[in-house]
Amino acid sequence: MPSNGSDSIKVAVRVRPFNEDRVFEDLGQGVLNNAWDGYNATLFAYGQTGSGKSYSMIGDKVNRGIVPQACGELFQAIEKQDSAKAKELQVSFSILEIYNEQIRDLLANKKQNLGAGTLKVRERGDKRFYVEGLSHHPCRDYATIKRLMKVGAVNRSTAATNMNATSSRSHMVITIKFSQIFNNEVGESTTKTSEINLVDLAGSERAKSTGATGDRLKEGSAINKSLLNLGTVIEALASGKSQKFVPYRDSVLTQLLKSALGGNSKTVMIAAISPADVNYEETLSTLRYADRAKKIKNQAVVNESPTDKLIRELKEENAKLLKMLSGHSENGFDNDKIKELISQNELQLRDMSLSWEQKLEQARKEWEAEQQRTEQSINVHDTFPYMQNVNEDPQLSGVIKYVIRKGSTVIGRCQDLDNSRQKRIVLQGLGIQEEHCTLVSQDGKVTLKPLSRSQVTVNGDPLTRSQVLHNRDRLKIGSNALFLYIGFPEERTGDANVKKRYDYQFFQKELASKLAPSNNLNNNKDNQAAFLQMYMEYIELMPVVAGVNAMSEEMEREVEFTLQVKNLATRDEAGRDLPKDIIVRVKNKITNQVWIWSKTKFNNRRYMIEELYMNYQEDSTCLKGLTNDNDPFWDPVEDIYLGCAYVWLCGLAHYLHVEEQAAFYDYYGEEVGLVELKMAPCLRNGQLLDDSALVHDPSELLGKPFSCKLEIDRCMGLRWIKENNTRGVMLKYTFYNQHPSLQTQALWCTFNPKLNHTQQLTVDLVDKGFLQYLEECALVIELWGLQAGRNADSAEPNRDSGLIMMADSDFSSVPSSPMLDGQLNDFDTAEKEVALLRKQLQTTLKANEQLKTKCSALKKENKKIRKSLSCRDKLSDMRETPDSANRQRAVTSGTRVQAELGRALKEFFGDIRPVQHNLKIIHQRAPPNGDLKALSRDLDEALTNLRSAVALAVQIHKEERNTET
């Protein structure tokens, strides 16, 4: 290849399976040759998840990938070049990963990573990007690189999906800096440097194919976003337009690959595809991606520069910066910026002043010190008790162990100690205070004591005072830091599989069993699968809610999130066992306002809260510019469902009056208030019916109109207002197929509000569906809590003290049209009512005309009968015959018998009504046993038979009296 000129990106398409040696010969060897010639070289693998990118780059123990083979070949060539004393070869190695658009150094030790957070991408003066603070490890041989690669592979973020058991959840960039120092006879040195970037991209994926949810879904979204930005950059570079804007800054990945894609580098791209037909669309997309990449032209040059010249330039630049710092800068830089540039230059000068042998010696000492600390920690764990971490990833559980030595040990975030002798365990995480808790080891016991307002949980129970720990106790410190306590050596019995047994799922299930409301998570044998799914979702959301609460507390937002289970059966009029759902109750501690978020809404908001928290960590003033539109903690004020009361309607089917003092119960079955109400049958004009209208067989109501009047007197003992007397309440209810629901007026600041709500409900004709509704269902009255700042329009009731007419409808069907409402000002409804009244008036007039015609005919017939009687009865004496006297006595006797029978029946039904009323109450309040149910059925049957027999006797008596007359 020429030393200067335009080079296209070389693209190789790979289909698994393939020989790794062949891949290295075709691609990796060319990368090494470019490095020896002094060019920057880049090789990156692109493709869908599971197509073999990581296998091509890293390989396995048998088939080594491009990275290990390239490193091995590099050091083999270096060993052959050692004989040339005039040439010095230096190799340094670094690994980083880009996880959720954040950079992590995979080779940094734990202490360096403890409080450093994520690394930042900076831009040099030559418009090149670099990672500030990334560790570069000098390497003498291939064994060192092999060890560093193993450490990086362990620390890399991987997880299982439906398409790949070890799917890469981040982009990994391996950088090998290769320097060749040539010494001439005069003593001057010339350095030829090259930078080899070996990039293993995470696979593009579809959530439907991988089955990604939760954190996996968030990771996949970040991966696809960075790959989309990479494709946009490639498309902009492939267009060949020099003036076209290239969006390198849209993602961290494109910033780090700027030189590889459009700068000083010779680049090779591996496009990994899958031969499966189900991956046809992904394969086609990868090939299009590769075709665009081939059109990119790079300008690669040999990196040669005298070392002395570089040092001189750095010193000259520092002199200028110091001069600018002492005077007034005319370039627009502030003093802090100038000081930062000076410190960066001095750091480079110190690094260059060290010889290569000194760097190797320093790296060797650090490695030996780390090995010594590791060996000491192993021996210490066998002597003292300790805490080991528990992570969602089983491979990361038990990696971190904190030894508890004799005396007092403080656990917290702060590393600055007032007393240097005080031992401390430094933890960084959500909900962890500066000084969170203390561990006191004394006399063979370890005592845990929480400090201030810290959150500490032991075996699922919140800790409020000192407690002695026992072997295998489960600790939760803060919001999501989980630890397993391992006691003194003499306590460790049967701990062979302790790590496998006490895993992350065990911790979460234990917390759920202690914190979740048991009465609302009861298992239902008929819906076992749905219950288990909801239970697992509850367990998964528990640490998420705890984390969001910790972020809210740290940002001082004073918003509290509580995980709850929504039991839909509490609002069903037929009392059916409906499924449950998970909700999140949100409360502002300052205003006491409450919101109810669905699970989906909470998940969407928590990603926004996490992003806001990251910005807050970088700049705490970012919260000042928040508005309601971009504040994830804000929501408009809404009405809150508090609970419901049931009023069973079976008494109305017999025209009985219903008087209830019903209790409101929330989703957890806890009483939140009482309501007093009455329901009474009435006529259409609103006149109440008395006890004489009793109906023993509800089927007699079929085909007749039905009206009842509902009176809601007052509510009592409302817990919602007792907690905050500035709140209000409102009741809502739905009768049969009426839509929309009815509601009372809104009442505020009253613990026992007086409602005085009256509503008449009328059905034109009773059908089987409505009759079934009365006999089997209840009127569900919902209690809704009102808060200050709600929409004032919704405070007015939509119907009150009016007449609601409902057309007959099937109880099992959904109503297809709204009901007629006498109070609505709707033109169409009023027009229908006028038409109905006009039709009724026409029918009444027609019946009146028919009645007049019949009356005139009867008058004529009456005249004829009178004339006939006057001709036949011209007898002089009008004495009564014995037969006529007998008939008169019979009529008088029949009238007296009918009166006595009516009086006896009235007294009988008056005595039996209280008995029936008590039976109905027993039916409503408790499920009756077999004897009581049979007694009630027999009593109803006897009353029906009695009524039929009496009616038959009265009818026969009337017919006999008419015959005798």
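Criteria and thresholds
Residues numbered from 1 in each chain as written. Predicted model: local features only at pLDDT ≥ 70, side-chain atom pairs only at ≥ 80, totals over all residues. Heavy atoms only, no water. Buried < 20%, exposed > 50% of the residue type's maximum accessible area, 1.4 Å probe, protein only. Helix = DSSP H or I, 4+ residues; strand = E, 2+ residues; numbered from the N terminus. Pairing = 2+ DSSP bridges. Core = buried A, V, L, I, M, F, W, Y, C linked by side-chain atoms within 4.5 Å. Axes fitted to C-alpha atoms, helices over the stretch in contact; angles between N-to-C directions. Parallel < 35°, antiparallel > 145°, perpendicular 65-115°, else oblique. Left-handed = near helix turned anticlockwise from the far one by under 90°. Contact = heavy atoms within 4.5 Å. Nonpolar A, V, L, I, M, F, W, Y, C, P; charged D, E, K, R; others polar. Phe/Tyr/Trp six-rings, centres within 6.5 Å; stacked < 30°, edge-to-face > 60°. Lys NZ or Arg CZ within 6 Å of the ring centre and 35° of its normal. Salt bridge = Lys/Arg side-chain N within 4 Å of Asp/Glu carboxyl O. Expected span 1.5 Å × (residues − 1). Arc of directions from axis to C-beta.

**Digging into the pairing of strand β3 (residues 41-47)**
The element β3 is extensively covered by neighbouring structure, given that seven of its seven residues are classed as buried. Neither face of β3 is open: one carries Ala-41, Leu-43, Ala-45 and Gly-47, the other Thr-42, Phe-44 and Tyr-46, and all of them are buried. Taken together, the seven bridges between β3 and strand β13 (residues 266-273) define a ladder with parallel strand orientation. Bridged to Leu-43 within β13 is Val-268.

**Describing the sheet that holds strand β23 (residues 461-462)**
Across a sheet, paired strands are connected by hydrogen bonds in the backbone, their directions being either parallel or antiparallel. If you trace the six strands from one edge of the open sheet to the other, you get β17-β16-β26-β25-β22-β23, paired in antiparallel fashion. A strand with exactly one partner marks an edge of an open sheet, and here the two such strands are β17 (401-403) and β23. Pairing analysis gives three bridges linking strand β16 (residues 386-389) to β17, with the strands arranged antiparallel. Bridge pairing in β17 places Gln-388 opposite Lys-401.

**Quick word on unusual backbone geometry**
One non-glycine residue, Glu-556, adopts positive backbone phi at about 60 degrees. With respect to the secondary-structure elements, Glu-556 resides in the loop between α16 (528-554) and β27 (559-567). On the basis of relative accessible area, Glu-556 is assigned to the exposed category, the value being 64%. Within the chain, Tyr-655 stands out as a residue other than glycine whose phi angle is a positive 60 degrees. Secondary-structure assignment places Tyr-655 in the loop between β30 (640-648) and β31 (658-665).

**A closer look at the nonpolar core**
Counting 46 residues, the largest nonpolar core has Met-679, Phe-735 and Leu-779 as its most contacted members. Val-31, Trp-36, Ala-45 and Met-149 belong to the second largest nonpolar core, which has 37 residues in total.

**What about the pairing of strand β5 (residues 102-105)?**
Alternating positions in β5 separate cleanly, Ile-103 and Asp-105 being buried on one face and Gln-102 and Arg-104 remaining unburied on the opposite face. Here four bridges tie strand β4 (residues 87-99) to β5, and the two strands are oriented antiparallel to one another. The residue bridging Tyr-99 from the neighbouring strand is Gln-102, located in β5. Between the antiparallel neighbours β4 and β5 lie two residues, among them Asn-100 with a positive phi of about 55 degrees.

**Thoughts on the packing of helix α1 (residues 20-36) against helix α3 (residues 66-81)**
Running from N to C, α1 and α3 cross one another at 50 degrees; their axes reach a closest spacing of 9 Å. By the angle class used here, α1 and α3 are oblique. As α1 packs across α3, the resulting crossing turns out to be right-handed. Side by side, α1 and α3 meet where Glu-20, Asp-21, Val-23, Phe-24, Gly-28, Gln-29, Leu-32 and Trp-36 of the first sit next to Ile-66, Gln-69, Ala-70, Glu-73, Leu-74, Ala-77, Ile-78 and Gln-81 of the second. Tallied by class, residues from the contact of α1 with α3 come to nine nonpolar, four polar and three charged.

**Focus: the sheet that holds strand β28 (residues 580-588)**
The antiparallel open sheet is built from three strands, whose spatial order is β27-β28-β29. Either end of the sheet is taken by a strand with one partner, and the two such strands are β27 and β29 (594-598). Pairs of neighbouring strands in the sheet enclose a mean axial angle of 30 degrees, with direction left out of account. One ladder, built from five bridges, connects β28 with β29; its direction is antiparallel. Looking at the pairing, Val-586 lines up with Trp-595 of β29. Lying on the sheet, helix α17 (residues 599-618) is in contact with β27, β28 and β29; it crosses β29 at an angle near 100 degrees.

**Description of the packing of aromatic side chains**
One pass over the full model with this rule turns up 17 aromatic pairs. When the centroid spacing of 5.1 Å and the interplanar angle of 40 degrees are considered together, the rings of Tyr-641 and Tyr-667 count as tilted. Separated by 26 residues along the polypeptide, Tyr-641 in strand β30 and Tyr-667 in the loop between β31 and β32 (671-681) bring together distant segments of the chain. A relative accessible area of 11% places Tyr-641 in the buried class. Its relative accessible area of 12% is what places Tyr-667 among the buried residues. Just above the ring of Tyr-39 sits the side chain of Lys-266; from NZ or CZ to the centre is 4.0 Å. The ring centre of Tyr-289 lies 5.6 Å from the NZ or CZ of Arg-292, which sits over that ring.

**A word on the pattern of salt bridges**
Inspection of the entire model under this criterion finds 21 salt bridges. Arg-557 is the partner of Asp-631 in a salt bridge, and the nearest nitrogen-oxygen pair spans 2.7 Å. One end of the pair, Asp-631, is in the loop between α17 and β30; the other, Arg-557, is in the loop between α16 and β27, with 74 residues separating them in the sequence. Overall, the relative accessible area of 10% leaves Asp-631 in the buried class. Ionic pairing is found between Glu-670 and Arg-719, a salt bridge with its closest N-O pair at 3.5 Å. With a gap of 49 residues between them, Glu-670 in the loop between β31 and β32 and Arg-719 in helix α18 (residues 719-723) connect regions that are remote in the sequence. A relative accessible area of 39% means that Glu-670 is categorised as partly exposed.

**A look at α3**
If you check α3, its first and last C-alpha atoms are 22 Å apart, about what 16 residues at 1.5 Å a residue would give, namely 22 Å. Restricting attention to buried positions, one finds in α3 the residues Ile-66, Val-67, Pro-68, Gln-69, Ala-70, Cys-71, Gly-72, Leu-74, Phe-75 and Ile-78.

**Focus: helix α5 (residues 142-155)**
With 14 residues, α5 should reach 20 Å at 1.5 Å per residue; the first-to-last C-alpha distance of 20 Å fits that figure. Of the positions making up α5, those classed as buried are Thr-144, Ile-145, Leu-148, Met-149 and Gly-152. For α5, the angular spread of the buried residues around the axis is 135 degrees, confining them to a single face. Exposed residues pointing more than 90 degrees away from the buried face of α5 are listed as Ala-143, Lys-146, Lys-150, Ala-153 and Val-154.

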